[in-house]
Amino acid sequence: MPGKFAGSDSDDLIAGLRAQIPAEHFAFVDDLLARYDVPVLEHVEDRDEIAAAINPRGAMALLEVAFQHRIALIANALGTPPPELVTRSKAAGVVVASLVGQAKHAHRQLEAGVDLLIAQGTEAGGHTGSIATMVLTPEIVDIAGARPVLAAGGIADGRQMAAALALGAAGVWCGSVWLSSAEDVAVQAVKSKFLAAGSGDTLRSRSRTGKPARQLRTAWHDEWEAAGSPATLPMPLQSMLVNEAWQRIDAAAQAGHEGALELESFFVGQVVGSFEGIRPAGEITRQMAADCARTIAGLAEKARA
Ligand SMILES: Cc1cc2nc3c(=O)[nH]c(=O)nc-3n(C[C@H](O)[C@H](O)[C@H](O)COP(=O)(O)O)c2cc1C
């Protein structure tokens, strides 16, 4: 639930938001897809409601859904959680976690009553700030005091996990590594690109959601950054603008279309460079924990020597 959102006073939230997307932006996306010869889709899934749900009005509906399940933890990102989230979670004994990318955010989150902080460094896939996990984690640990901190961003193996624990984290919070798991649902076209990518092949870009999010760098981003391209729109307008384009790109890339494959991308962190194959999530987890324990034992030996 982002703290800042391009809201609409209109009674019809989605129509009000759509009306804020300039025609020039629609024309740019249409032209981009035409230049890469990406075929039109017969059926496009309407995701406007999902994009528009992450606003102060839609947030309460999202909470309702979360609380229909037996949850132990609820994590918020992109801002301080709404007060209702904190009060309702506390009453139900649910731990409230928040993703933070800067010290000043951590202070605000603690004031808002958050139980657990996730220090997410710039290496992370998805929406992320500009400070590295190595610098951010001890900073947030110092601010959090008795409240636990999980380190996130750039953690995909046991050595990185051990490093996070050495920085004072109580544990780690991983995202990108699961994209290399057999359970992940991303299309094969994306997975193949991930397996071929290096750690320098990602960038933070606003071109998908309107907020800086780390993803695999492709021709899509070069087009948005080219001279004469329009500025990206604020969240959620950018997601609404590009939703159909991404459904077309994903479908065509999956069918082996050359132009779509050039554009094809997804959110992923710098650890994409370490993906060697697709493995079951359980195996990834067990190996990470075992390698972490081995790394720590090795360090203890080094300290004694
Ligand atoms: C594909 C993908 C989608 C993500 N979506 C969300 C999200 O919806 N909400 C959120 O709080 N974090 C999201 N994240 C960030 C993760 O929660 C996590 O903090 C991050 O992936 C950790 O860094 P890593 O990618 O280096 O493991 C996403 C990450 C990825 C890779």
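All residue numbers refer to position in the chain's written sequence, counted from 1. Local features in a predicted model are, by the rule used here, given only for residues with pLDDT of at least 70; side-chain atom pairs are given and counted only at 80 or more, and totals for whole chains, interfaces and linings are based on all residues. Heavy atoms throughout the structure, all of them, feed into the side-chain values; hydrogens and water do not.

## Points about the overall build of the protein
What counts is decided by this rule: For helices the rule is a DSSP run of H or I covering at least 4 residues; for strands it is a run of E covering at least 2, with both sets numbered from the N terminus onward. Both definitions apply: the radius of gyration is a C-alpha atom measure, and the globule rule equals 2.2 Å times residues to the power 0.38. Three labels apply to residues, based on accessible area from a 1.4 Å probe with only protein chains included: buried if under 20% of the type maximum, exposed if over 50%, partly exposed otherwise in between. We call two residues in contact whenever any of their non-hydrogen atoms come within 4.5 Å of each other. Surface accessibility follows the Shrake-Rupley procedure with a 1.4 Å probe radius. Residue values consider only the protein chains on display as shielding. His is not counted, nor are the chain ends, whereas Lys and Arg count as positive and Asp and Glu as negative. For this purpose, a charge sits on NZ of Lys, CZ of Arg, CG of Asp or CD of Glu.
Helix and strand counts for the protein come out as 13 helices and eight strands. In terms of C-alpha radius of gyration, the protein reaches 21 Å, essentially the compact-globule figure of 19 Å for 305 residues. The principal-axis extents of the C-alpha atoms in the protein amount to approximately 65 × 45 × 35 Å. Here the protein, with 305 residues, has 46% of them falling under the buried criterion. Once local pairs closer than 6 in sequence are excluded, the contacts in the protein between residues at least 24 apart make up 64%. Total accessible area computed for the protein in this model is approximately 15000 Å², and 55% of it derives from carbon and sulfur atoms. Averaging the locations of the 26 positively and 35 negatively charged side chains of the protein gives two centres separated by 8 Å.

## Topic: a nonpolar patch on the surface
Just so we agree on the cut-off: The patches described consist of residues with a relative accessible area above 30% and no salt bridge, like charges being joined within 9 Å and nonpolar side chains (Val, Leu, Ile, Met, Phe, Trp, Tyr) within 5 Å. We count a salt bridge whenever a side-chain nitrogen from Lys or Arg sits within 4 Å of a carboxyl oxygen from Asp or Glu.
A contiguous nonpolar patch, built from Leu73, Val95 and Trp173 and spanning about 210 Å² of accessible area, is present on the exposed surface. Residue placement: Trp173 occurs in strand β6 (residues 171–173).

## A word on the sheet that holds strand β2 (residues 95–100)
For clarity, the cut-off: We call two strands paired when DSSP finds no fewer than two bridges between them. Axis definition: a line fitted to C-alpha atoms, limited for helices to the stretch in contact. Angles are taken between N-to-C directions and run from 0 to 180 degrees.
Spatial ordering of the open sheet is given by β1-β2-β3-β5-β6, a layout of five strands whose pairing is parallel. The sheet terminates laterally at β1 (73–76) and β6, the two strands that pair on one side only. On average, each strand axis in the sheet is tilted by 30° relative to the strand beside it, whichever way the strands run. Pairing geometry for strand β3 (residues 116–120) and strand β5 (residues 149–152), over four bridges, is parallel.

## Remarks on the site of the ligand
Put simply, the test is: Any residue with a heavy atom lying within 4 Å of a molecule or strand is counted as near it. Between N or O atoms, a polar contact is any pair within 3.5 Å; within protein, one atom must be a potential hydrogen donor and the other a potential acceptor, and residues adjacent in sequence are included only when both atoms are from side chains.
Neighbouring residues of the ligand: 15 residues in total, closest Gln120, Gly125, Gly154, Gly175 and Ser176. With respect to the ligand, the backbone of Gly125 contributes an N or O atom lying 3.0 Å from an oxygen atom. Ser176 places a side-chain nitrogen or oxygen 2.5 Å from an oxygen atom of the ligand.

## Quick notes on the domain arrangement of the protein
We apply this condition: As annotated, the domain borders come from an automatic or database domain assignment. The buried area of a pairing is the accessible area, by a 1.4 Å probe, that goes missing from both parts when the two are put together, added over both. We call Asp, Glu, Lys and Arg charged. Ala, Val, Leu, Ile, Met, Phe, Trp, Tyr, Cys and Pro are nonpolar, and the rest, Gly among them, are polar.
Considered domain by domain, the protein is made up of domain 1 (22–41 + 183–305) and domain 2 (54–174). Computed from C-alpha atoms alone, the centre-to-centre distance between domain 1 and domain 2 is 22 Å. Each partner contributes to the interface: domain 1 provides 18 residues, whereas domain 2 provides 22 residues. Together domain 1 and domain 2 conceal approximately 1500 Å² of surface at their shared face, both sides included; 70% is due to carbon and sulfur atoms. Between domain 1 and domain 2 we count seven residue pairs in polar contact (both at pLDDT 80 or more) in total. Contributing elements (two or more residues each) for the side of domain 1 that touches domain 2: β8 (213–216) and α13 (281–304). Considering every element that reaches the side of domain 1 that touches domain 2, the biggest residue donor is α13, with five residues. Its residues placed into classes, the side of domain 1 that touches domain 2 shows nine nonpolar, five polar and four charged.

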